[in-house]
Structure formats: structure tokens, C-alpha cells
Amino acid sequence: METLHYLLMKAHTNLNRRILEGASALGLSPGQPKILEFLLDHGESNQKTIAGYCEIEQATVGSILLRMEQAGLISRRQKEGNRRSLYVSLTQKGDQAAKKMQSVFQAADAQATEKFSEQELQLLKQSLEKIWISVCRSEQNQKEGGEK
């Protein structure tokens, strides 16, 4: 059997390819689908929160948001009392695109897990979450170790 990192990479690459094809058919570029999904699920948010949740650098999120704003998918505004942060929300066009993208995500998930029982799927999700937590802890420890 292949190594874990290789299997994860292959699964991610192929699943991501299917998602990007669906996004492209909707006129969306890479990065935009996960931001649309985040805003649909969480509502209005600031750029820093979006970047953290979507695992994208804040500067990269800024350029993605600019393109999304130009396309009419989002709007950005300042909240009273907080002049430093712009708050991002979906426009009607963005809400429609996010809902269409949800269908793309669901279809990709369904295809990827069609051979799984419900129990196996839950175990897979739990296992992937444990991997994610372990990797995040390792990265955090490296940052803390590097700063000392």
C-alpha cells in the first residue's frame, strides 16, 4: 500500500480537480469557491477570519476578494466603530453562485465516498480531522520553537 502522504495527495489532487472543473463551469477561479462556501455558511466576516478558516494567506485572500467584488459576488464595507477591517458579505449573485457551488461540492463528495458505508465515512472524517489537528500542532510548535 502507498504511504499516507501520497494517498492523501492523490485523493486531494483528484477531488480538487473535479471541484475546480465545476467552479470553472460557473465562471469561478481557484480560491473563490471556498470563500463563497465560508460566507454562505458563516455570513458576513472580515478578511482575516476568512483567510484563517480557508487556510489561505491574508494577502492572497485580499486579491481573491477584489476579483470577487469586481465580479459582483461580494460586497465589502466598514462597520461603524471598526475602521481597520472591511467586512465581506455575499451579494445576491454571490449567494446564487455559492448555492450552485454547494451542489458541485456535494457531487464531488458523493463520488469520492460512494464505496463507503456511513460508519466508514464518519471514521474517515474523524481520522482526517485528527491528521489536520496534528499537522496544525506541529506547525505551531515549529513557529514557537523558531521564535525562541
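Everything here concerns the structure above.
The structure presented is a predicted model; accordingly, all values stated were derived computationally and were not measured.

Visitor: Would you mind showing me how to read the overall build of the protein here?
Guide: A count of helical and extended segments in the protein gives 6 helices and 3 strands. The N-to-C order of helical and strand elements in the protein reads α-α-β-α-α-β-β-α-α. In terms of principal-axis extent, the alpha carbons of the protein reach across some 55 × 45 × 25 Å. When the 148 residues of the protein are sorted by exposure, 24% land in the buried category. Accessible surface computed for the protein: about 10,600 Å², of which carbon and sulfur atoms make up 50%. Between the centroid of the 20 positive side chains of the protein and the centroid of its 18 negative side chains there is a distance of 4 Å.

Visitor: Got a minute to help me understand the layout of surface pockets in this structure?
Guide: There is about 2,100 Å³ of room inside the largest pocket. Contributing to the lining of the largest pocket are 39 residues, with His12, Leu15, Ile19, Asp109 and Leu128 lying nearest its centre. With 11 residues, the top contributor of residues to the lining of the largest pocket is helix α6 (residues 118-147). In this structure, the second largest pocket encloses a volume near 160 Å³. Each residue belonging to the lining of the second largest pocket can be placed in one class, and the counts come to 2 nonpolar, 1 polar and 3 charged.

Visitor: What is the right way to read helix α3 (residues 47-54) from this model?
Guide: Note that an α-helix has 3.6 residues per turn; residues three or four places apart therefore point the same way. When we look at burial in α3, the residues that qualify are Ile50, Ala51 and Cys54. Looking down the long axis of α3, one finds its buried residues gathered within 100 degrees of arc, a one-sided arrangement. Turned more than 90 degrees off the buried face of α3, the exposed positions are Lys48 and Tyr53. In this structure Asn46 caps α3, since a side-chain oxygen of it lies 3.2 Å from the backbone nitrogen of Lys48. Immediately downstream of α3, the backbone of Glu55 shows phi near 60 degrees, a positive value.

Visitor: Honestly, a nonpolar patch on the surface in this entry has me stumped. Any pointers?
Guide: There is a patch of nonpolar side chains on the surface, built from Leu4, Leu8 and Leu128 and spanning about 250 Å² of accessible area. Within the secondary structure layout, Leu4 lies in helix α1 (residues 4-25).

Visitor: Help me understand the pattern of salt bridges, please; the structure alone is not making it clear to me.
Guide: Between side chains of opposite charge, a pair can form when the charged atoms approach closely. Here the structure, examined in full by the defined rule, presents 3 salt bridges. A salt bridge links Glu44 to Arg77; the nearest nitrogen and oxygen atoms lie 3.1 Å apart. Remark: Arg77 occurs in strand β2 (residues 74-79) and Glu44 occurs in the loop between α2 (32-42) and β1 (45-46); sequence separation between them is 33 residues. The exposure class assigned to Glu44 is partly exposed, which follows from its relative accessible area of 31%. We note a salt bridge from Asp95 to Lys99, for which the minimum N-O separation is 2.9 Å. One end of the pair, Asp95, and the other, Lys99, are both in helix α5 (residues 92-112), 4 residues apart, so they sit about a helical turn from each other. Given a relative accessible area of 24%, Asp95 falls into the partly exposed group.

Visitor: Any chance you could explain the packing of aromatic side chains here in plain terms?
Guide: Each aromatic ring pair is summarised here by two numbers: the centre-to-centre distance and the angle between the ring planes. Overall, the coordinates contain 1 aromatic pair when judged by the stated rule. Measuring from centroid to centroid gives 4.9 Å for Phe38 and Tyr53, while their planes differ by 45 degrees, and the two rings are tilted. Highlighted residues: Phe38 in helix α2 and Tyr53 in helix α3, separated in sequence by 15 residues. When its relative accessible area of 52% is taken as the criterion, Tyr53 is described as exposed.

How each quantity is defined
Residues numbered from 1 in each chain as written. Predicted model: local features only at pLDDT ≥ 70, side-chain atom pairs only at ≥ 80, totals over all residues. Heavy atoms only, no water. Helix = DSSP H or I, 4+ residues; strand = E, 2+ residues; numbered from the N terminus. Buried < 20%, exposed > 50% of the residue type's maximum accessible area, 1.4 Å probe, protein only. Areas by Shrake-Rupley, 256 points an atom, 1.4 Å probe, with all protein chains shown as cover. Lys, Arg positive; Asp, Glu negative; His and termini not counted. Charge placed at Lys NZ, Arg CZ, Asp CG, Glu CD. 1 Å grid on protein atoms, 1.4 Å probe; cavity = no way out; pocket = protein on both sides within 12 Å on 5 of 7 lines; lining within 4 Å. Points joined across faces, edges and corners; volume = space filled by probe spheres on them. Nonpolar A, V, L, I, M, F, W, Y, C, P; charged D, E, K, R; others polar. Arc of directions from axis to C-beta. Polar contact = N/O pair within 3.5 Å; in protein donor to acceptor, adjacent residues only side chain to side chain. Patch = residues over 30% accessible without salt bridge, like charges linked within 9 Å, V, L, I, M, F, W, Y side chains within 5 Å. Salt bridge = Lys/Arg side-chain N within 4 Å of Asp/Glu carboxyl O. Phe/Tyr/Trp six-rings, centres within 6.5 Å; stacked < 30°, edge-to-face > 60°.

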